[in-house]
Amino acid sequence: DPNLLLNSIQLAYSSNQYSVSDIAAELTRVQYFNGRDYFNGLSGATLNGIWERTYSSGTNLTGASTVDVGILANLQALEAIDAETDIDYSFHIALGKTMYAHSLLQMVDLIGEAAFTQAGNPGEFPAPTLDSGEVVYAGALTLLDEAEALLASDPSDQGANDLFYGGDTGKWIKVINSIRLRTYKNTDNKAAFDAIVAGGDYIASAEDDFQLRYGTSELQP
């Protein structure tokens, strides 16, 4: 079910944000870090959950169950379904590309590289090599371009449950431009950064905040 595949992508992505924020807060001492030695406090398994949810599987921190397949695997499944049916799933694919691109950028920001060109093709590359940060950044920006192009026609959400914006494609384009802003800042691309700011189509107010709206209860759903 394409709508459930999109839900899985959204939950895997939100879990990644929880993990990335937690790790970054500890490293910058905004949050308590266990010990004085970073190498002892950060094991080789620190990014396992983020890696698994980005590419294939992994525990979903927003609930007790696990994500059967992660962001990339579900995105590939959505693209395959879209190619085989007359129903337009551009909305689902655009959101998946946006969340996959952001996850790739965050892994590069944490460790300097990530799997990209060989990722998602286990038949040919069962152990994908890591690409440089420059290659992954360029690939992520291309994914964002593709996502924006899909959203430009304001495609139907086909009944999907968009846990972030309720199917508002305009707000997703603001997300795309906001992710571009941080990317251009990190690569010192001032001209591209200034162009987005001049256009004004990015997250600049609380009503456009990129936050998971998982239920309406004040308490934990």
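Residues numbered from 1 in each chain as written. Predicted model: local features only at pLDDT ≥ 70, side-chain atom pairs only at ≥ 80, totals over all residues. Heavy atoms only, no water.

### Here we look at the overall build of the protein
Phase 1 of the analysis: If you tally the helices and strands in the protein, you get eight helices and four strands.
Phase 2 of the analysis: Each helix and strand of the protein, placed in order from N terminus to C terminus, yields the pattern α-α-α-β-β-α-α-β-β-α-α-α.
Phase 3 of the analysis: With an accessible surface of roughly 11500 Å², the protein has 52% of that area assigned to carbon and sulfur atoms.
Phase 4 of the analysis: In the protein, 11 side chains carry a positive charge and 30 a negative one; their mean positions are 11 Å apart. (Helix = DSSP H or I, 4+ residues; strand = E, 2+ residues; numbered from the N terminus. Areas by Shrake-Rupley, 256 points an atom, 1.4 Å probe, with all protein chains shown as cover. Lys, Arg positive; Asp, Glu negative; His and termini not counted. Charge placed at Lys NZ, Arg CZ, Asp CG, Glu CD.)

### Quick word on the packing of aromatic side chains
Phase 1 of the analysis: As enumerated under the stated definition, the model contains nine aromatic pairs in all.
Phase 2 of the analysis: A ring pair is formed by phenylalanine 164 and tryptophan 172, whose centres lie 5.7 Å apart and whose planes are at 80°; its orientation type is edge-to-face. With respect to burial, phenylalanine 164 and tryptophan 172 carry one shared label: buried.
Phase 3 of the analysis: Measuring from centroid to centroid gives 5.7 Å for tyrosine 165 and tryptophan 172, while their planes differ by 90°, and the two rings are edge-to-face.
Phase 4 of the analysis: Using a relative accessible area of 9% as the deciding quantity, one classes tyrosine 165 as buried.
Phase 5 of the analysis: The buried category is assigned to tryptophan 172, whose relative accessible area is 0%. (Phe/Tyr/Trp six-rings, centres within 6.5 Å; stacked < 30°, edge-to-face > 60°. Buried < 20%, exposed > 50% of the residue type's maximum accessible area, 1.4 Å probe, protein only.)

### Quick notes on the nonpolar core
Phase 1 of the analysis: Ranked by internal contacts, the top residues of the largest apolar core, which has 43 residues, are Tyr55, Leu95, Met99, Tyr100, Leu104, Leu151 and Trp172.
Phase 2 of the analysis: When contributions to this core are tallied by element, the ones reaching two or more residues are α1 (2-27), α3 (48-55), α4 (71-84), α5 (90-111), β3 (113-115), α6 (133-151) and α7 (169-186).
Phase 3 of the analysis: Per-element tally for this core: the top contributor is α5, with eleven residues. (Core = buried A, V, L, I, M, F, W, Y, C linked by side-chain atoms within 4.5 Å.)

### Topic: the side chain of aspartate 208
Phase 1 of the analysis: By secondary structure assignment, the location of aspartate 208 is in the segment after α8 (190-199).
Phase 2 of the analysis: Beyond its immediate sequence surroundings of up to four residues, aspartate 208 is in contact with Tyr165, Lys171, Lys174 and Ile203. (Contact = heavy atoms within 4.5 Å.)

### Overview of a nonpolar patch on the surface
Phase 1 of the analysis: Taken together, the side chains of Leu27, Tyr38 and Phe39 define a hydrophobic patch exposed on the protein surface, amounting to about 340 Å² of accessible area.
Phase 2 of the analysis: Mapped onto the elements, leucine 27 comes out in helix α1. (Patch = residues over 30% accessible without salt bridge, like charges linked within 9 Å, V, L, I, M, F, W, Y side chains within 5 Å. Salt bridge = Lys/Arg side-chain N within 4 Å of Asp/Glu carboxyl O.)

### Some words on the pattern of salt bridges
Phase 1 of the analysis: Scanning the entire structure with this criterion turns up eight salt bridges.
Phase 2 of the analysis: Close ionic contact of lysine 97 with glutamate 79 constitutes a salt bridge, the shortest N to O distance being 3.3 Å. In this pair, lysine 97 is assigned in helix α5 and glutamate 79 in helix α4, connecting sequence segments 18 residues apart.
Phase 3 of the analysis: The closest approach of N and O atoms between arginine 180 and glutamate 148, which form a salt bridge, is 2.9 Å. Linking arginine 180 in helix α7 with glutamate 148 in helix α6, this pair joins segments that are 32 residues apart in sequence.
Phase 4 of the analysis: Exposure remark for glutamate 148: the relative accessible area of 26% places this residue in the partly exposed category.
Phase 5 of the analysis: Here the salt bridges do not stand alone but share partners, grouping Glu79, Lys97 and Glu146 into one network.

### Details of the side chain of asparagine 3
Phase 1 of the analysis: As for its placement among the helices and strands, asparagine 3 is situated in helix α1.
Phase 2 of the analysis: Here asparagine 3 is in contact with His92, Asp157, Gln158, Gly159 and Ala160, once residues within four sequence places are set aside.

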